[in-house]
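# An overview of the molecular structure
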Amino acid sequence: MGILYDEVRAATIMVESESLVYYQLAGDLFKAALNGKNGTIASLEKMQEIDEVINTVSGTNTLYDGKVIRAYQPERLWLWQQYTGTVLKISRDTVFLAMAGSALFVIFAKLTTNEPIIWEVSFISPDQDQGNPLIKDLLSQVHTIWEIQKTLTTFVLTFFVNQSFRFWGDVYKSVRDVQGRLSSFNLLLATNVLRTANGSLTPEAEKFLDEVGQCTRLFHILFWASKAKRFSVLMSDEGLKRMESRGLMSSRQLYMLLGTDLPSNQLFSAPLEWAMLRCNKASDEGVLMADNATKSSILREFMSLRNAFDKIGNTIQNRFPLAYVQFVQILVDTYVLCSPLALYVDLEEYVVIAVGLVVFFYCGLNNLAKIFLDPLNNEEFCENSIYFDLGVIASGTCF
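Residues numbered from 1 in each chain as written. Predicted model: local features only at pLDDT ≥ 70, side-chain atom pairs only at ≥ 80, totals over all residues. Heavy atoms only, no water.

## Thoughts on the overall build of the protein chain
The secondary structure content of the protein chain amounts to 14 helices and zero strands. Order of helices (α) and strands (β) in the protein chain, N terminus to C terminus: α-α-α-α-α-α-α-α-α-α-α-α-α-α. Considering only intrachain contacts with a sequence separation of at least 6, the fraction spanning at least 24 residues in the protein chain is 74%. Carbon and sulfur atoms make up 58% of the accessible area of the protein chain, which amounts to about 23200 Å² in all. (Helix = DSSP H or I, 4+ residues; strand = E, 2+ residues; numbered from the N terminus. Contact = heavy atoms within 4.5 Å. Areas by Shrake-Rupley, 256 points an atom, 1.4 Å probe, with all protein chains shown as cover.)

Here it is, written out as structure tokens:
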């Protein structure tokens, strides 16, 4: 009734259990749902999306059972049984399409050379073949060119995969570095705050650490929201308001974020600034040690943290130039497209199987390299692949 008439109304909630899950719905959204206004369903869907992201960054929903990357078991049988998120799935359609195209080429070649369209049980050597010698000669020349290109394609592709995996590892190290810098920053503060004679924290110190910890965690969440496409909804006004209602920020912080002139992808810098300002205030109040050594250490940790998260953005933006990736793609595509022509002279109808294997391994390696180049899954190239579970990283920020 209070929502319907825009009046404050007190309510008492009584429960018998020891815990309670409290849900809050914005008043304007509730009234829009009652009035049946257009866009209500879309608003509810967006709110659900926001809640799912908040659950992820809070550590409630995880992709890989609490691990940052998908774990594996070394047993051969277990590895063969994996399908989702592997090159087996992402290369499946390409392999089948290439095999179907090879089968059509075999039919065309046999019709052209007046050979029977049957599957031979055994191989037929070229000297026993009664087909059109001109066509066979042309395909033999294609085979020679294909062999030359095979060396170049294999070398370039393996180098591409190697460099892509190195890029993936560099991003992972940078991700962990930001998390480690935040923990080091918080630990430095915790070891230099005011304590009682028995070593326990004073009420003022506990309040200070809680406030700084909340700021650093908010920074971490907003930082990954600016880097990972699947978390970007948190930077919207609705996302920020929902984070406030879920306890991830205070109402004052929400007001400051909504009123700031910073672009949405730079909102994460505000909580970090608040944390440093709170440290300066704590030093003036005597809650935090104010000697030059402590101040220098805090400032050094702050600058190291800033350099660490800047490095992630620079690394992701400068992963590989377009010309190089395009060259590899053209090289692999032309190689696999020429495979049916190059292998038909020696294998005839068995070229269908051979092309399937060639396409799987070469296109599979190329796809694997592209997965390595998207560790945050912003391009959604492969569903449930080996991208990082950033929710585990964000929820792991603590003292």
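## With respect to the nonpolar core
The biggest cluster of nonpolar side chains holds 93 residues, and the ones touching the most others in it are Leu-189, Phe-208, Trp-224, Leu-234 and Met-243. Ranked by residue count, the leading element in this core is helix H6 (residues 133–190), at 16 residues. With residues near it in sequence (within four places) discarded, Trp-224 still touches Val-175, Phe-231, Ile-312, Leu-390, Ile-393 and Ala-394. (Core = buried A, V, L, I, M, F, W, Y, C linked by side-chain atoms within 4.5 Å. Buried < 20%, exposed > 50% of the residue type's maximum accessible area, 1.4 Å probe, protein only.)

## Side note on the packing of aromatic side chains
Tallying each qualifying case throughout the model produces 20 aromatic pairs. Taking the centre distance of 4.9 Å and the plane angle of 10° together, the rings of Trp-146 and Tyr-335 count as stacked. In this pair, Trp-146 sits in helix H6 while Tyr-335 sits in helix H12 (residues 322–347), placing the two residues 189 residues apart along the sequence. Measuring from ring centre to ring centre gives 4.9 Å for Phe-223 and Trp-224, while their planes differ by 65°; the resulting arrangement is edge-to-face. Here the two residues Phe-223 and Trp-224 agree in accessibility, since each one is buried. (Phe/Tyr/Trp six-rings, centres within 6.5 Å; stacked < 30°, edge-to-face > 60°.)

## Some points on unusual backbone geometry
If you check the backbone angles, Glu-348 has positive phi at about 50° while not being a glycine. You can see Glu-348 is positioned in the loop between H12 and helix H13 (351–372). For Glu-348, a relative accessible area of 4% corresponds to the buried category. The phi torsion at Asn-377 lies on the positive side, around 60°, for a residue other than glycine. Position of Asn-377 among the secondary structure elements: in the loop between H13 and helix H14 (390–395).

## A few points about the packing of helix H5 (residues 92–112) against H12
Interhelical geometry of H5 versus H12 gives an angle of 50° and a closest axis separation of 10 Å. In terms of their interaxial angle, H5 and H12 are classed as oblique. Crossing angle aside, the handedness with which H5 passes H12 is right-handed. From H5, Ser-102, Phe-105, Val-106, Ala-109 and Lys-110 reach across to H12, where they touch Pro-340, Leu-341 and Tyr-344. Looking at the contact of H5 with H12 residue by residue, the class counts come to six nonpolar, one polar and one charged. (Axes fitted to C-alpha atoms, helices over the stretch in contact; angles between N-to-C directions. Parallel < 35°, antiparallel > 145°, perpendicular 65-115°, else oblique. Left-handed = near helix turned anticlockwise from the far one by under 90°. Nonpolar A, V, L, I, M, F, W, Y, C, P; charged D, E, K, R; others polar.)

## Considering the environment of Thr-56
Here Thr-56 is to be found in helix H2 (residues 40–57). A residue is classified by how much of its surface remains accessible, and Thr-56, at 16% relative accessible area, is buried. Within the structure, Thr-56 has its side chain in polar contact with the backbone oxygen of Glu-52 (distance 2.9 Å). (Polar contact = N/O pair within 3.5 Å; in protein donor to acceptor, adjacent residues only side chain to side chain.)

## Looking at the pattern of salt bridges
Within this structure, the stated rule accounts for eleven salt bridges. Arg-278 is paired through a salt bridge with Glu-211; the nearest N and O atoms lie 2.4 Å apart. With Arg-278 in helix H10 (residues 269–285) and Glu-211 in helix H7 (residues 203–227), this pair connects stretches of sequence that are 67 residues apart. The network of salt bridges with common partners includes Asp-51, Arg-242 and Arg-246. (Salt bridge = Lys/Arg side-chain N within 4 Å of Asp/Glu carboxyl O.)

## Focus: the environment of Leu-248
Mapping Leu-248 onto the fold places it in the loop between helix H8 (237–245) and helix H9 (251–259). Here Leu-248 falls in the buried class, since its relative accessible area comes to 10%. Taking C-alpha positions, Leu-248 is 8.4 Å from Arg-217, a pair spaced 31 residues apart along the chain. In contact with Leu-248, not counting residues within four places along its chain, are Ile-54, Ser-58, Gln-214, Arg-217, Leu-218, Ile-221 and Met-243.

## As for the packing of H7 against H10
Interhelical geometry of H7 versus H10 gives an angle of 165° and a closest axis separation of 8 Å. Our classification of the angle between H7 and H10 gives roughly antiparallel. Of the two possible hands of crossing, H7 and H10 adopt the one that is left-handed. Along its contact with H7, which presents Phe-208, Glu-211, Val-212, Cys-215, Thr-216, Leu-218, Phe-219 and Leu-222, the element H10 presents Pro-271, Leu-272, Trp-274, Ala-275, Arg-278, Cys-279 and Ala-282. Residues that form the contact of H7 with H10 fall into these classes: twelve nonpolar, one polar and two charged.

## Examining the confidence of the model for the protein chain
Taken residue by residue, the protein chain gives an average pLDDT of 85. The fraction at 70 or more is 86%. Ranking the elements of the protein chain by mean pLDDT puts helix H1 (residues 27–35) last with 61 and H13 first with 94. Across residues 123–129 the pLDDT falls below 50, and counting only partners more than four positions away or on other chains, this stretch makes nine contacts in the model. (pLDDT = per-residue confidence, 0-100.)

## Here's the deal with a nonpolar patch on the surface
Residues Leu-104, Ile-107, Leu-111 and Ile-117 make up a contiguous nonpolar surface patch of roughly 390 Å² in combined accessible area. By the secondary structure assignment, Leu-104 is in helix H5. With relative accessibility at 59%, the residue Leu-104 sits in the exposed group. (Patch = residues over 30% accessible without salt bridge, like charges linked within 9 Å, V, L, I, M, F, W, Y side chains within 5 Å.)

## Considerations on the environment of Val-106
Looking at where Val-106 falls in the secondary structure, it is placed in helix H5. Between the C-alpha atom of Val-106 and that of Glu-349, which follows or precedes it by 243 residues, the distance is 6.1 Å.

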